Amino acid sequence: MKPSAALAFLGLCCWSGLTEQVLANPIGDVLKLMQNLRDQVKADGKADAKAYDKFKEWCADASTSSNDAVRTATGGKARLEASITKLTSDIETADTQIDEMASTLAELEAEAKKAKALRDKEHADFLEDEKDLMVMIEPFQRAVDYLEKQGSAALAQIDTKNMATLVQTLGIALDAASFSASDRSKLLALVQSKQGAEDEDAEADAALSELGAPEAAAYTKSSGNIVAILEDMMEDSKTQLAKLRKAETSAQHEYNLLKSSLDERTAENKKDMATQKGDLAKAKQEKAEAEGDLQVTIKDMDRSKNELGTVQASCLQTASDYEHSVASRKEELSALGKAMSLLEEGAGGSASFIQVRATALTSSPRSQVALAVKMLAKKHHSAALAQLASNVASLFRHGAASGADPFAKVKGLIKDMIFKLEKEGLVESKEKAYCDRELKRSGMKYEDLTDDVSKMDAKIDAVASRAVTVKGEIKKLQEELSALAKEQAGLDGIRADAHAEYEKEKAELKEALHGIRSALDVLRDYYGGDGGGAAAAMLQKDDDFDAFVQQPAPPHKHSKAENAGASVIKFLENIESDTADNLSKLETEEADAKSGYDKMSTEISVTSGGTKTELKHDEQAAKSLDTTMAEVQSDEETANSEIRAVEQYLARLKSRCLGKTDSYEERAKRRAAEIEGLKEAAALLASDE
């Protein structure tokens, strides 16, 4: 009992004493009151010790729980920070690799561009050289055709060592054939160039002959048919043209191989880059989620640390208060014990002081008890105490008449009431502890659940936003793939039509070429021979030419129509050459078309492959986001269900624990005062006996 309670108790006792008729032993009564006070202080000490033990147990549990929460949050923080560090490193590595791949792609594109520029230059040079050779062949062919039509025996053998004679003879023939000045000059220049090269070869062979080289190796043409010479030069030009075209085909083939290799490397590099970009996007998303979780974890850790600090501070303060209460209670007990000793020592030698007769007062102990209970009921507005006061007064009025002992019954009623009040106090104390514990636990649970729902709402918004972006990218990529597929289908159709047309034209040209060559074989077999008749016929065709050779025409004789046959053969040879050229050009055009088709198909394939890789990553990301969204929504629904359950439970708790007009402390104080008053009334009855 606190000192203030003791003073109140002593005041009540003094008031009660004023109503007594006789105080037979006042010092004894005071000692008894002081002893009761000491007993009450000791009882309060035991109750406080028991409560403090429970509080210490709660402190231990709360500290353990808070420490566990801090430890868990700290571990989660460390794991998330490690994950963020790793993801940051992965992102930096991916960025570096993407930059390296971009550099490699740039190098490949530069190499492809350089190779194409070189190929274009080589092809342009080829076209120019081919044009020059074609230009060389055409004058030779015309000169040969003309000379064969003339058929002069004087031109059968010409000394090719005498360049002036050769050029002069050929010049007259070209003038006679009405060659243009440009074609005449070009052809004579070619003959001079050709003959000059042969003269150098002859001189070299002569030098070797002097050194003892074999005679066959020293052979050189010193004379020959002018037509044969021109045909040799024309064949040389055709051979050079064939070699030139073969070299061009080989160079184009090598370029195609190089281009194919570069395209494959570029496609592979782009595919790897697309994969790396997908991994980079995934790492960035995971890092953003980890950073968000880290912020939440840090917040939880700080809250747990604050709760731990609050628990520790509260427990330390309560421990300090309890120690102070124990010391104060010891001081109170010591003061009461010392006062009792002094009273007992002072009362021992003075009987007159102990035995004091008081004047008679207006009421007896019975009336004092009834009045005390009645006043107690009125003070605390207790219907139970008012009923008890009424029962006590009735027993004192009618109990003696019935022969029963009213004091015993009244004591029993008071004792029962005290037991009832103490029991109510114990029940209400347990109820108070239950309410405090459940209200706090449920409140914390509600706060945690609402925080979780807030986090889930934020995560749902983030996931939904990301899902919209990813699905938009998926739609765009699908449209790009569809467009690429349509473009490839269009190319395939065009390529198929062009190839079919090529095969058709190629078959027609080959068939025509076969027919022309077969006809040439037949005509050459029939009109082949020494060609003398043709030479004689040739001399009869041109008076200027006859004047030059200064030989009379021989008599006519019957012979094959070699002139007409030769014309037909030459015409067919021209057609054969043109047909062969057309076939070669057709094959070149087909190769170019195939190369262009392959290039565009490769580009589409590379682009499509990269797009498909991005689409695959985005679809996986969308699926993951949908799964995450479903999980978070399910968790949120569960949390909302728990929140509703906690809200209902809190409503019942508040109605049960907080729905009373006065507080638990007020009721406990009032009940303690009622019990003390009843004990005092019981003490009055005991003293009256």
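Each value, and the rule that gives it
- Residues numbered from 1 in each chain as written.
- Predicted model: local features only at pLDDT ≥ 70, side-chain atom pairs only at ≥ 80, totals over all residues.
- Heavy atoms only, no water.
- Helix = DSSP H or I, 4+ residues; strand = E, 2+ residues; numbered from the N terminus.
- Buried < 20%, exposed > 50% of the residue type's maximum accessible area, 1.4 Å probe, protein only.
- Contact = heavy atoms within 4.5 Å.
- Areas by Shrake-Rupley, 256 points an atom, 1.4 Å probe, with all protein chains shown as cover.
- pLDDT = per-residue confidence, 0-100.
- Patch = residues over 30% accessible without salt bridge, like charges linked within 9 Å, V, L, I, M, F, W, Y side chains within 5 Å.
- Salt bridge = Lys/Arg side-chain N within 4 Å of Asp/Glu carboxyl O.
- Lys, Arg positive; Asp, Glu negative; His and termini not counted.
- Charge placed at Lys NZ, Arg CZ, Asp CG, Glu CD.
- Phe/Tyr/Trp six-rings, centres within 6.5 Å; stacked < 30°, edge-to-face > 60°.
- Core = buried A, V, L, I, M, F, W, Y, C linked by side-chain atoms within 4.5 Å.

*Asks:* Just to check I follow, could you spell out the overall build of the chain for this structure?
*Replies:* In terms of helices and strands, the chain carries 13 helices and 2 strands. Here the chain, with 689 residues, has 32% of them falling under the buried criterion. For the chain, long-range pairs separated by at least 24 residues make up 90% of all intrachain contacts whose partners lie at least 6 apart in sequence. Split by element, the accessible area of the chain, about 41100 Å² in all, is 55% carbon and sulfur.

*Asks:* I would appreciate a short explanation of the confidence of the model for the chain in the present structure.
*Replies:* Segments scoring low in pLDDT should not have their predicted coordinates read at a detailed level. When pLDDT is averaged along the chain, the result is 75, and 73% of the positions lie at 70 or above. Here residues 152–161 is a poorly scored stretch, pLDDT under 50, and it has 36 contacts once near neighbours within four places are set aside; other chains count. Segment residues 348–363 is flagged for pLDDT under 50; beyond a separation of four residues in sequence, or across chains, it makes 22 contacts in the model.

*Asks:* Before we go on, may I ask you to explain a negative patch on the surface in this structure?
*Replies:* A surface patch of negative charge is lined by E501, E505, E508, E511, E589 and D592. Those elements that place two or more of their residues in the negative patch are α9 (406–527) and α12 (562–657). Sorting elements by how many residues they give to the negative patch places α9 first, with 4 residues. Looking at where E505 falls in the secondary structure, it is placed in helix α9. For E505, a relative accessible area of 31% corresponds to the partly exposed category.

*Asks:* Is there a simple way to explain the pattern of salt bridges in this structure?
*Replies:* Across all of its chains, the model carries 28 salt bridges by this definition. In this structure, K594 and D598 form a salt bridge, with 2.7 Å as the shortest nitrogen-oxygen distance. Of this pair, K594 and D598 both sit in helix α12, 4 residues apart, roughly one helical turn. Beyond isolated ion pairs, a larger network of salt bridges with shared partners links D300, R303, D448, D451 and K455.

*Asks:* Whenever I open this one, the packing of aromatic side chains confuses me. Can you help?
*Replies:* A full pass over the atoms with the stated rule returns 2 aromatic pairs. Ring geometry for Y52 versus Y322: centroids 4.1 Å apart, planes at 5 degrees, classification stacked. Remark: Y322 occurs in helix α5 (residues 226–347) and Y52 occurs in helix α2 (residues 26–150); sequence separation between them is 270 residues. Residue Y52 is classed as buried on the basis of its relative accessible area of 15%.

*Asks:* Would you mind going over the nonpolar core with me for this structure?
*Replies:* In globular proteins that are soluble, nonpolar side chains generally tend to be buried together. Counting 23 residues, the largest nonpolar core has V369, V410, I414 and L678 as its most contacted members. Secondary structure elements with two or more residues in this core: α7 (365–380), α8 (383–398), α9 and α13 (664–688). With 7 residues, α8 is the largest single contributor of residues to this core. Those residues within four positions of I414 in sequence are excluded, and the remaining contacts are V369, L388, L678, A681, A682 and L685. V470, L481, A622 and V646 belong to the second-largest nonpolar core, a separate cluster that totals 20 residues.

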